[in-house]
Amino acid sequence: MEKMSRVTTALSGSALTGRTMHCHLDAPANAISVCRDAAQVVVAGRSIFKIYAIEEERFVEKLNLRVGRKPSLNLSCADVVWHQMDESLLATAATNGVVVTWNLGRPSRNKQDQLFTEHKRTVNKVCFHPTEAHVLLSGSQDGFMKCFDLRRKDSVSTFSGQSESVRDVQFSIRDYFTFASTFENGNVQLWDIRRPDRCERMFTAHNGPVFCCDWHPEDRGWLATGGRDKMVKVWDMTTHRAKEVHCVQTIASVARVKWRPECRHHLATCSMMVDHNIYVWDVRRPFVPAAMFEEHRDVTTGIAWRHPHDPSFLLSGSKDSTLCQHLFRDASQPVERANPEGLCYGLFGDLAFAAKESLVAVESGRKPYTGDRRHPIFFKKKVDPAAPFAGLASSALSVFEMEPGSGSMSWFVDTAERYALAGRPLAELCDHNAKVARELGRNQVAQTWTMLRIIYCSPGLVPGTNLSHSVGKGSSCGLPLMNSFNLKDVAPGLGSETRLDRSKGDTRSDTVLLDSSATLITNEDNEETEGSDVPADYLLCDVEGEDDELYLLDPEHTHSEEPEYVLPQEAFPLRHEIVDTPPGPEHLQDKADSPHVSGSEADAASLVPVDSSFSLISVSHALYDSRLPPDFFSALVCDMLRFYAEQGDVQMAVSVLVVLGERVRKDIDEQTQEHWYTSYIDLLQRFCLWNVSNQVVKLSTSRAISCLNQASTTLHVNCSHCKRPMSSRGWVCDRCHRCASMCAVCHHVVKGLFVWCQGCSHGGHLQHIMKWLEGSSHCPAGCGHLCEYS
Amino acid sequence: MFVARSIAADHKDLIHDVSFDFHGRRMATCSSDQSVKVWDKSESGDWHCTASWKTHSGSVWRVTWAHPEFGQVLASCSFDRTAAVWEEIVGESNDKLRGQSHWVKRTTLVDSRTSVTDVKFAPKHMGLMLATCSADGIVRIYEAPDVMNLSQWSLQHEVSCKLSCSCISWNPSSSRAHPPMIAVGSDDGSPNAMAKVQVFEYNENTRKYAKAETLMTVTDPVHDIAFAPNLGRSFHILAIATKDVRIFTLKPVRKELTSSGGPTKFEIQVVAQFDNHNSQVWRVSWNITGTVLASSGDDGCVRLWKANYMDNWKCTGILKGNGSPVSGSSQQGNANPSLGSNIPNLQHSLNGSSAGRKHS
């Protein structure tokens, strides 16, 4: 309030009024200057020189100073200045180097007063002495500054900058005799008007031309300079060396700079290129303009505050041939629109959050929504130009990290790594995956796997009593499993992982789990016995051609397994399913050339159903058909997969899709499958689970997906003996007719990971070498070298 | 359930955006101080600033990572009317910069005549593309035809939105069934109540982006917009930060029913609307699976929203921005009367007919 009263007194009781307005000029303006009474403005340009009266609602043309029939070059103005003491005195700088003074008091139409033709090139700037009535200063492209006494015909003194063109000259308000000049080479010079021989002080202010400068109206030692380097610098000239106190970064070269009246730290700038806007900056917040005027459609060439004590009216002239009056309260405020917060969800469920400190510091930071942020200033009582500066805004940055195990994405990684997707009988896969899910506390998912197992693999391992119980209950409708184990009971809660009431299903699923673990154990037993028989070669992915051997093993395998089943006939539906799906052999083929992550036991196991189905096919048909129509479940399972996908658990959708394979594939359209696959692969890659992602790509049946691996992947193999590139025909070198990269342990060709000792260059399958080294540190090839592996 | 880790960002002005990279191990921040900082997560989980450089000559509004397949690439956009693409170069072995990384400007996109308010890379399957939007209401889509040459970007599309744009979001769906789609929000504050969110879809036949939908119900300035990651959903979820948090679903109407060739028609539904921030909402961000939405507002809090199995969105957590004790419990969320519960629930069970049995 105190401040406001000072403004009105400064305006001698008559506060300025007006609104944002503009008027069209006949020609582009080069410069403007305001009369001391704040009611008139002069506009000068190459072909315009007019005085306008500023009225409440509009500009009114008052006087055209461009008289005479023949336009003279003297009237082509680069700059204009109105004397701040004498309302009838004006000076213009002409592009032909002439400085002209105008006396509005002359009775004739031609107000031209005096003509100084001393400069040889364009005069860039003219400036009256702030207190002395007759002293005029000019700065020209020719590198000279001249001081004129209007009572004399010639210049009083000439100042040579000794450098390049002069862009601006400004009398100091603080020192009677001092003026500053800026140059195209980036220098600023300080002169004493009494000493034309040399400057008092010189310093380099900018990179490139310094287009403008302005002395601070109150802080008399401050000089603001603006340059082509897009910067406005504020210099403290009171110290021995000019000290840069502030630096404002603008977005374009600075053509004009003007301190805002009554606002110690505000200044207005405009640019001569690219940018048409006028900005008002608080020099203490040098990155964001405090206000922005966007009225002009072309470069703004002149700006002037209407009254030296009124901070809210800004006048501007532009190349778009308009003269504008801007009201500060109508300015757009980029700060207000700027987003004060940044928020990003991380991969692991962590959140990065940056917010303006005032928003997060105290509760008072909370402000009600005002509806319209662009003009919030309308709702304020009055703009207080000297409102206490809020201080340089800063943000607090913090990352909210998930505590391990509390809903972070670790479950995803664990699940992805531990799920078994192929290489074992369906029942085992389901059991295994159910176990994984259960161990991670994802009970709904675990149950889904268990159900899938029951649906597709028969209740083979469920003890007879239990099974017959459920069968008996549901025998009337022929859907025992569905009745007692309703999908709907489980599915809804899956996304949220909450424990639903599972009273009914609980006991059953538990028994199933028990059984499944039992199977796992028996299987492991089998594997171990098997492992001793089978050459360890199968540990790697070079099993081609050895399928026969596996076949030989299979009957033995199945036989050993079958006695374990309590009700062997219950296992038939699984076999039935596999027979039912047409491309049984193709399935086999897939297995053969895909990498067997789970190892040799997987191979052996995957072959089991195929093999055994031949003998049991007739029985299973009879059993199955009578109970369940083949497609009965698939629709339901597809729905379930879609549900999982919609809940964001595409992992489940893809895993089930892969595990069930042909059983459900045909019921889901290709595009959706592809979408699931790409989404899941993308997710896996995000978590750097490259192996899993590769496995998924390989196991996928969608052509678009499985080709992902092949695109832009080339494997070049050179012979290890003769160093020649190998032909594509096989692992035998054409040239030296030897097998390349033989494993020193098993004497087979290594097609996967080859590890070798750098000392003797013998090596082989990674697993074999590792195993070998457990027992001996000598080279397996028998060369006697003590192999070293890091 | 959350632990706040405060980071001394040392930006000299407001931070306007934070962005994690594809793998979640790097973070970029941008600020009004015209700089971008890159933060790397150490083994111990601390974030270290590994690069900080002046990117623009005005406030930097947004920073975003490209898919790592294209290298370590950032895009930024600024008040200075440009957007820029940056690439990290790891020093060669010969000079003293060995092992050190620095960021090189690959291109400056100067087509806008006004402040560029948002920049976003397109989903990876579309190639190396990015979209910018600017205060003059134009969305520009650029493409780098050669992914190895990040300095060559060609302006592919200019889409006029008629309103000052503040934010854009690509539909991240990788499904072939979903053509490229981009949603644009406007923070235009003029009193006329125009719809502030438009959705544009790429038309294969005309090879242009055409307006597919306008969300007529959003008439207040929009400050952020985000499509949820689509991991196999048939429909899209769009979150909007305006005076409140809103979540929309856009369900494509089956093609057979619409005239072929035209833009996809959508069935749009507001599934949630929350004014719990009690103020302007500035940012929305989805988690990686598109199941949890985080929003931040003028109240300085981050709120987490999650749908239950009934597709009822609820607040599941509130985080204070200053890292003060975090109230992650769901009690608070439930205490707030959420508009979401008033909205007709979408039944999201396996099949609708037996959904009712659940409670019996």
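Please read all numbers here as calculations on a predicted model, not as lab measurements. (Residues numbered from 1 in each chain as written. Chains lettered and ligands numbered in written order. Predicted model: local features only at pLDDT ≥ 70, side-chain atom pairs only at ≥ 80, totals over all residues. Heavy atoms only, no water.)

1. What about the overall build of chain B?
Stated formally: Every helix listed is a DSSP run of H or I at least four residues long, and every strand listed is a run of E at least two residues long, numbered separately from the N terminus. Remark: exposure states derive from per-residue accessible area (1.4 Å probe, protein chains only) relative to the maximum for the residue type, with buried under 20%, exposed over 50%, and partly exposed in between. Between two residues, a contact is recorded if the distance between any of their heavy atoms is within 4.5 Å. Shrake-Rupley sampling with a 1.4 Å probe provides the accessible areas, and residues are treated as covered by the protein chains on show and by no other component.
A tally of regular secondary structure across chain B gives 1 helix and 25 strands. Within chain B, the proportion of its 360 residues that are buried is 61%. For chain B, restricting intrachain contacts to residue pairs at least 6 apart in sequence, the fraction spanning at least 24 positions comes to 45%. Carbon and sulfur atoms provide 49% of the accessible area of chain B, an area that totals close to 13700 Å².

2. So, the overall build of chain A
Regarding its fold elements, chain A presents 21 helices and 33 strands. For chain A, the proportion of its 790 residues judged to be buried stands at 55%. Of the contacts made within chain A by residues no fewer than 6 positions apart, 52% connect residues no fewer than 24 positions apart. For chain A, the computed accessible surface area is about 34800 Å², with 52% contributed by carbon and sulfur atoms.

3. Describing the interface of chain B and chain A
Quick reminder of the rule: Here's the idea: put two parts together, see how much 1.4 Å probe accessible area each one loses, and the total over both is what we call buried area. The salt bridge definition used is simple: a Lys or Arg side-chain nitrogen within 4 Å of an Asp or Glu carboxyl oxygen. In protein, a polar contact requires one atom able to donate a hydrogen and another able to accept it; more generally it is a pair of N or O atoms within 3.5 Å, and residues adjacent in sequence count only if both atoms are side-chain atoms.
Taken residue by residue, the interface counts 98 residues in chain B and 88 residues in chain A. Both sides together, the interface formed by chain B and chain A hides about 8300 Å², and carbon and sulfur atoms give 58% of it. Where A:Glu401 meets B:Arg5, a salt bridge forms, and the shortest distance between an N and an O atom there is 2.8 Å. Taken together, the connections running from chain B to chain A amount to 20 residue pairs in polar contact (both at pLDDT 80 or more).

4. Some details on helix H15 (residues 632–646) of chain A
Residues and elements named next belong to chain A. Just so we agree on the cut-off: What a helix is expected to span follows from its residue count: subtract one and scale by 1.5 Å.
With 15 residues, H15 ought to run about 21 Å at 1.5 Å a step, and its terminal C-alpha atoms sit 23 Å apart, in line with that. Buried within H15 we find Phe633, Ser634, Leu636, Val637, Cys638, Met640, Leu641, Phe643, Tyr644 and Ala645. Just downstream of H15 lies glycine 648, where phi reads positive at about 90°.

5. Digging into the UniProt feature "repeat: WD" (unreviewed entry) in chain B
Residues and elements named next belong to chain B. The criterion, for reference: UniProt positions are given in the numbering used here, feature names are shortened, and annotations may be inferred rather than shown by experiment.
The sites that carry the UniProt feature "repeat: WD" (unreviewed entry) are, in the present numbering, residues 8–40 and 274–306. Taken end to end, residues 8–40 has its terminal C-alpha atoms 14 Å apart, with 0% of it in helix and 55% in strand. When the span residues 274–306 is considered, its composition is 0% helix and 58% strand, and the gap between its end C-alpha atoms is 12 Å.

6. Re helix H19 (residues 690–699) of chain A
Turning to H19(A), its buried residues are A:Val692, A:Ser693, A:Gln695, A:Val696 and A:Val697. On its buried face, H19(A) sits against helix H4 (410–418), helix H16 (650–660), helix H18 (670–686) and helix H20 (703–706) of chain A.

7. Looking at the sheet that holds strand S1 (residues 21–24) of chain A
The strands making up a sheet associate through hydrogen bonds between their backbones, and the pairing can be parallel or antiparallel. Residues and elements named next belong to chain A. Here is the rule we go by: Strand pairing follows a simple DSSP-based rule, namely that at least 2 bridges must link the two strands. Convention adopted: a line fitted to C-alpha atoms gives each axis, helices being fitted over their contacting stretch, and angles between N-to-C directions are expressed from 0 to 180 degrees.
The 4 strands are arranged S1-S28-S27-S26 in an open sheet whose pairing can be described as antiparallel. Both edges of this open sheet fall to S1 and strand S26 (300–307), since each of them pairs with a single strand only. Taking the axes of each pair of neighbouring strands and ignoring which way they run, one obtains an average angle of 15° across the sheet. Of the strand pairs in this sheet, strand S27 (residues 310–318) and strand S28 (residues 322–327) are connected by 5 bridges, and their pairing is antiparallel. Pairing of glycine 317 across the sheet is with leucine 323, part of S28.

8. So, a nonpolar patch on the surface
The line we're drawing: The patch calculation keeps residues exceeding 30% relative accessible area without a salt bridge and links them within 9 Å when they carry like charges or within 5 Å when they are nonpolar (Val, Leu, Ile, Met, Phe, Trp, Tyr).
Taken together, the side chains of A:Met272, A:Met273 and A:Val274 make up a nonpolar region of the molecular surface, amounting to roughly 260 Å² of accessible area. Classification of A:Val274 as partly exposed rests on a relative accessible area of 47%.

9. So, the environment of A:Leu452
Turning to its location among the elements, A:Leu452 is positioned in helix H6 (residues 443–457). In this view, A:Leu452 contacts A:Cys430, A:Cys457, A:Val637, A:Met640, A:Val656 and A:Leu660; residues no more than four positions away in its chain are not counted.

10. Focus on the sheet that holds strand S11 (residues 135–140) of chain A
Residue and element names in this part refer to chain A. The sheet built from 4 strands is open, its strands ordered S10-S11-S12-S13 with antiparallel pairing. The outermost strands of the open sheet, each flanked by one partner alone, are strand S10 (123–128) and strand S13 (155–160). The mean inter-strand angle of the sheet, taken between neighbouring strand axes irrespective of direction, is 20°. Pairing geometry for S10 and S11, over 5 bridges, is antiparallel. Each residue of the ladder has a partner; that of valine 126, found in S11, is serine 138.

11. Quick look at the packing of H15(A) against H16(A)
All names here are of chain A. Our working definition: In these notes the angle categories are as follows: under 35 degrees is roughly parallel, over 145 is roughly antiparallel, 65 to 115 is roughly perpendicular, and the rest is oblique. Handedness of a crossing follows from how the near helix is turned relative to the far one, being left-handed for an anticlockwise turn of less than a right angle and right-handed for a clockwise one. Nonpolar residues are Ala, Val, Leu, Ile, Met, Phe, Trp, Tyr, Cys and Pro. Charged residues are Asp, Glu, Lys and Arg, and all others, Gly as well, are polar.
Relative to each other, H15 and H16 sit at 150°, their axes nearing to 6 Å. As the angle between them shows, H15 and H16 are arranged roughly antiparallel. Crossing handedness for the pair H15 and H16: left-handed. Judged by residue contacts, Val637, Leu641, Tyr644 and Ala645 of H15 engage Val650, Met652, Ala653, Val656, Leu657 and Leu660 from H16. Looking at side-chain class alone, the contact of H15 with H16 contains 10 nonpolar, no polar and no charged residues.

12. A look at the side chain of B:Thr55
Residue placement: B:Thr55 occurs in the loop between strand S5 (47–54) and strand S6 (60–65). Filtering out sequence-adjacent residues up to four positions away, B:Thr55 remains in contact with B:Gln34, B:Ser35, B:Val36, B:Val60, B:Ser76, B:Trp86 and B:Lys105.

13. Side note on the confidence of the model for chain A
All names here are of chain A. The cut-off we apply is this: Known as pLDDT, the predictor's per-residue confidence is scaled from 0 to 100.
Averaged over every residue, the pLDDT of chain A is 73; the share at 70 or more is 68%. Averaged pLDDT values over the elements of chain A bottom out at 37 in helix H7 (residues 464–474) and peak at 94 in strand S18 (residues 210–215). Low confidence marks residues 1–13, where pLDDT is under 50. Its contacts with residues over four positions away, or in another chain, come to 16 contacts. Within the model, the stretch residues 460–626 combines pLDDT values under 50 with 197 contacts to residues more than four positions away or in other chains.

14. Observations concerning the packing of aromatic side chains
We count it as follows: Here a pair means two rings of Phe, Tyr or Trp (six-membered ring of Trp) with centres within 6.5 Å. Their orientation is stacked below 30 degrees between planes, edge-to-face above 60, and tilted elsewhere. Counting as a charge over the ring demands two things of the Lys NZ or Arg CZ atom: a distance within 6 Å of the ring centre and an angle within 35 degrees of the ring normal.
Per the stated rule, a full pass over the model turns up 28 aromatic pairs over all chains. Measuring from centroid to centroid gives 5.8 Å for A:Tyr279 and A:Trp281, while their planes differ by 45°, and the two rings are tilted. Take A:Tyr279: its relative accessible area is 4%, and that puts it in the buried class. The residue whose ring lies beneath B:Arg233 is B:Phe235, and the NZ or CZ to ring-centre distance is 5.5 Å.

15. Structural notes on the pattern of salt bridges
On inspection of all chains with the given rule, the structure shows 40 salt bridges over all chains. Across the pair B:Arg81 and A:Asp275 runs a salt bridge, and its minimum N-O distance is 2.5 Å. Here B:Arg81 is found in the loop between strand S7 (73–78) and strand S8 (83–90), whereas its partner A:Asp275 is found in the loop between strand S23 (266–271) and strand S24 (278–282) on a different chain. Judged on exposure class, the residue B:Arg81 and its partner A:Asp275 are both buried.

16. So, the nonpolar core
Basically, it comes down to this: Within this scheme, the nonpolar core is defined by two criteria: the residues are buried Ala, Val, Leu, Ile, Met, Phe, Trp, Tyr or Cys, and they are joined through side-chain atoms within 4.5 Å.
Counting 54 residues, the largest nonpolar core has A:Trp449, A:Leu452, A:Tyr456, A:Trp676 and A:Val696 as its most contacted members. Elements represented by at least two residues in this core include exactly H4, helix H5 (426–439), H6, H15, H16, H18 and H19 of chain A. Ranked by residues supplied to this core, first place goes to H16(A) with 9 residues. Excluding its chain neighbours within four sequence positions, the residues that come into contact with A:Val696 are A:Leu421, A:Val654, A:Tyr677, A:Tyr680, A:Ile681 and A:Leu684. Residues B:Phe79, B:Leu128, B:Ala144 and B:Trp153 belong to the second largest nonpolar core, which totals 35 residues.

17. Looking at the UniProt feature "repeat: WD" (unreviewed entry) in chain A
Residue and element names in this part refer to chain A. In the numbering used here, UniProt assigns the feature "repeat: WD" (unreviewed entry) to residues 116–158 and 203–245. This span, residues 116–158, is 0% helix and 53% strand, and a straight line between its end C-alpha atoms measures 13 Å. The span residues 203–245 shows a helical share of 0% and a strand share of 53%, and its end C-alpha atoms are spaced 15 Å apart.

18. Re the packing of H5(A) against H6(A)
All names here are of chain A. Remark: H5 packs on H6, axes separated minimally by 7 Å, with the N-to-C direction vectors making an angle of 170°. Classified by the angle their axes make, H5 and H6 are roughly antiparallel. Note on packing geometry: the crossing formed by H5 with H6 is left-handed. For the pair formed by H5 and H6, the contact residues are Leu426, Ala427, Cys430, Asp431, Asn433, Ala434, Ala437 and Arg438 on the first element and Asn443, Val445, Ala446, Gln447, Trp449, Thr450, Leu452, Arg453, Tyr456 and Cys457 on the second. Taken together, the residues that form the contact of H5 with H6 break down as 11 nonpolar, 4 polar and 3 charged.

19. A few points about the confidence of the model for chain B
Residue and element names in this part refer to chain B. Overall, the predicted model of chain B reaches an average pLDDT of 83, with 83% of residues at or above 70. Scored below 50 in pLDDT, residues 326–360 shows 65 contacts in the model against residues more than four places distant or in partner chains. In the predicted complex, the global pTM is 0.75; the interface-specific ipTM is 0.87.

20. Structural notes on unusual backbone geometry
All names here are of chain B. Of note, the phi angle at arginine 81 is positive, near 75°, even though the residue is not glycine. Judged by relative accessible area, which is 11%, arginine 81 ranks as buried. We note that asparagine 278 has phi near 65°; this positive angle belongs to a residue other than glycine.

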